[in-house]
Amino acid sequence: MSCIFMKKANKTILSLNKQSPYIKFINIKRQGFCKIFLAFGVFLFSYIGRAQQIDFGNIGKGKAFKIGGGISANSVFYSSNQEDSREPFTYFLQGSLNIGFFEFSMPISYSFTNQGSNLDYELPFNFNRLSLHPKYKWVQAHIGDINMSFSPYTLSGHQFTGGGLELTPKGGFSFSAATGRFLKAVEDDGGPQTIPAYKRMGYGAKVGYKADTYEVGLIGFYARDQVNSIAMVPEDKDVLPKENLVLSIEGAYEILKGMRLRAEYASTAMTQDLRAEPDPDNEKVFSGLFFQGRASTEYYSAINTGLDYSFGSSSIGVGYERIDPGYETLGAFYFNNDFENITLNASTILWKEKLDLTFNIGYQRDDLEGQKGNSTNRTVGAVNASFEAS
């Protein structure tokens, strides 16, 4: 099995090298290419040696090259005496491959299926996914069909095709960035199940700093539909080209030993129809620089804060969350709004760390601005216990 993986890995490397625009760009004579390649190699190794401070003394110790991974395959056979558009055989293939060389690693994940080809309508995302996650020390990259999360109110697990970067150097600073296509264009074919979609591009970044007693982070996310990516959409489909800018600030502070205060505040500007005329009277603080306020632009905010106290093997905390009616971010597939939560939680470990108890209770209500015909409220509680016998 490892030999097969190595062959696949070599083929992947060869195909990437053939498709690399850098190699196509340097399409010169062989003699000149050898000289340039040699000079570039000397410069690259000298630069890496200065910037990353590779410990050459560890070379030769342990395994220099490692490869491993897993694969799973599932299939579904279907047969019926009635007319059905479903295929009689559907397969699902997914797995991961991790290639390591000293301090460099290249995790590869993939998921392939023929389920998407069975549908008689098109979706704005890919069923088949392939992603690369190269990492060297504190530098982590993501390439392909990936998803990233900055916070629940900004970029939160939305799949996109593009690239991402995470930097976690020593010293407390951290940086994350994401860019790519969040939705692909889907034309309206007249089918009742087809939901047209504009091509949507998105960009986001998060900067954070963490110290012993406090931490702070700034998040920005922007997404915009391309109006000309598809033809006119029927009004009954209710699909409009949108634009969204979300800004968020989060932080935490240790008030006393064991007592920690955390909070996040997010503000979103959502244009429901990019074809609407610009409206100077419908602009907020961050409009004009990165975002143009229009007649269809709406502004909402969300807040989440909590206070936690830990003592010994126990902890207790209280939290508060409020999301305005209409709050939305294009960085998440689905988002709940118009509610307020107040929660209380506690946990402890008993009997020589064999019994783990967790308790939480919360009160939730909606219709924060009294716009609904009926409002609801509920109280939800839960107790979880786990016991390790030996």
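Structure's up top.
Chemist: Tell me about the packing of aromatic side chains, residues and numbers included.
Modeler: How two aromatic rings sit relative to each other is given by the distance of their centres and the angle of their planes. This model, assessed by the stated rule, comprises 14 aromatic pairs. Measuring from centroid to centroid gives 5.8 Å for Phe125 and Phe127, while their planes differ by 50 degrees, and the two rings are tilted. For Phe125, a relative accessible area of 34% puts it in the partly exposed group. Each ring, one from Trp351 and one from Phe387, has its centre 6.2 Å from the other, and the planes form 90 degrees; the classification is edge-to-face. Pair noted here: Trp351 is in the loop between β15 (339–350) and β16 (355–366) and Phe387 is in strand β17 (residues 377–387), with a separation of 36 residues, a long-range link. Take Trp351: its relative accessible area is 61%, and that puts it in the exposed class. Taken together, Phe77, Phe89 and Tyr91 form an aromatic cluster joined through their ring pairs.

Chemist: Kindly report on the pattern of salt bridges, identifying the contributing residues and their values.
Modeler: This structure, assessed with the given rule, holds 12 salt bridges. In this structure, the salt-bridge partner of Asp188 is Lys237, at a minimum N-O distance of 3.8 Å. With a gap of 49 residues between them, Asp188 in the loop between β8 (173–183) and β9 (200–210) and Lys237 in the loop between β10 (214–225) and β11 (243–256) connect regions that are remote in the sequence. Residue classification places Asp188 among the partly exposed positions, given a relative accessible area of 26%. Between Asp366 and Lys372 there is a salt bridge, and its shortest N-O distance comes to 3.4 Å. By relative accessible area, which is 41% here, Lys372 ends up partly exposed.

Chemist: Explain the layout of surface pockets to me, and be specific about the residues and the numbers.
Modeler: Estimates place the volume of the largest pocket at around 700 Å³. If you go around the largest pocket, you meet 30 residues; those closest to its centre are Leu183, Ile195, Arg200, Lys242 and Glu328. Among the residues forming the lining of the largest pocket, the class breakdown is 17 nonpolar, six polar and seven charged.

Chemist: Got a sec to walk through unusual backbone geometry? Specific residues and values, please.
Modeler: A positive phi angle, close to 65 degrees, is found at Glu353, a residue other than glycine. By the secondary structure assignment, Glu353 is in the loop between β15 and β16. Judged by relative accessible area, Glu353 falls into the exposed class, the value being 65%. Located in the positive-phi region is Asp367, a residue other than glycine, with phi close to 55 degrees. As for its position among the elements, Asp367 is in the loop between β16 and β17. Relative accessible area serves as the criterion here: at 12%, Asp367 is assigned to the buried category.

Chemist: Describe the pairing of β9, naming the residues involved and giving the relevant values.
Modeler: As defined by bridge partners, β8 adjoins β9 across 10 bridges and the pair is classed as antiparallel. Counted as the bridge partner of Ala177 is Ala205 from β9. The turn joining β9 and β10, which pair antiparallel and follow one another in sequence, is formed by three residues.

The rules behind these values
- Residue indices begin from 1 for each chain and proceed along its sequence in written order.
- Reporting of local features is limited, given that this is a predicted model, to residues whose pLDDT is at least 70; pairs of side-chain atoms are given and counted only at 80 or more, and all residues count toward the totals for whole chains, interfaces and linings.
- Remark: hydrogens and water are excluded; side-chain values derive from all non-hydrogen atoms of the structure.
- Geometry of aromatic contacts follows a simple scheme: Phe, Tyr and Trp rings, the Trp one being its six-membered ring, pair when their centres are within 6.5 Å, and the pair is stacked under 30 degrees between planes, edge-to-face over 60, tilted otherwise.
- Note on classification: 1.4 Å probe, protein chains only; a residue is buried when its accessible area is under 20% of the maximum for its type, exposed when over 50%, partly exposed between these limits.
- Segments assigned H or I by DSSP are reported as helices when at least four residues long, segments assigned E as strands when at least two residues long, and all are numbered from the N terminus.
- When a carboxyl oxygen of Asp or Glu is within 4 Å of a side-chain nitrogen of Lys or Arg, the pair counts as a salt bridge.
- A pocket here means an open set of points on a 1 Å grid, computed over the protein atoms alone, that has protein on both sides within 12 Å along at least five of seven lines. A cavity is instead a set of points where a 1.4 Å probe fits but cannot get out; residues with an atom within 4 Å of a point line either one.
- Grid points are joined across faces, edges and corners, and a volume is the space filled by probe spheres set on the points.
- The classification used treats Ala, Val, Leu, Ile, Met, Phe, Trp, Tyr, Cys and Pro as nonpolar, Asp, Glu, Lys and Arg as charged, and all other residues, Gly among them, as polar.
- A pair of strands counts as paired when DSSP detects no fewer than two bridges linking them.

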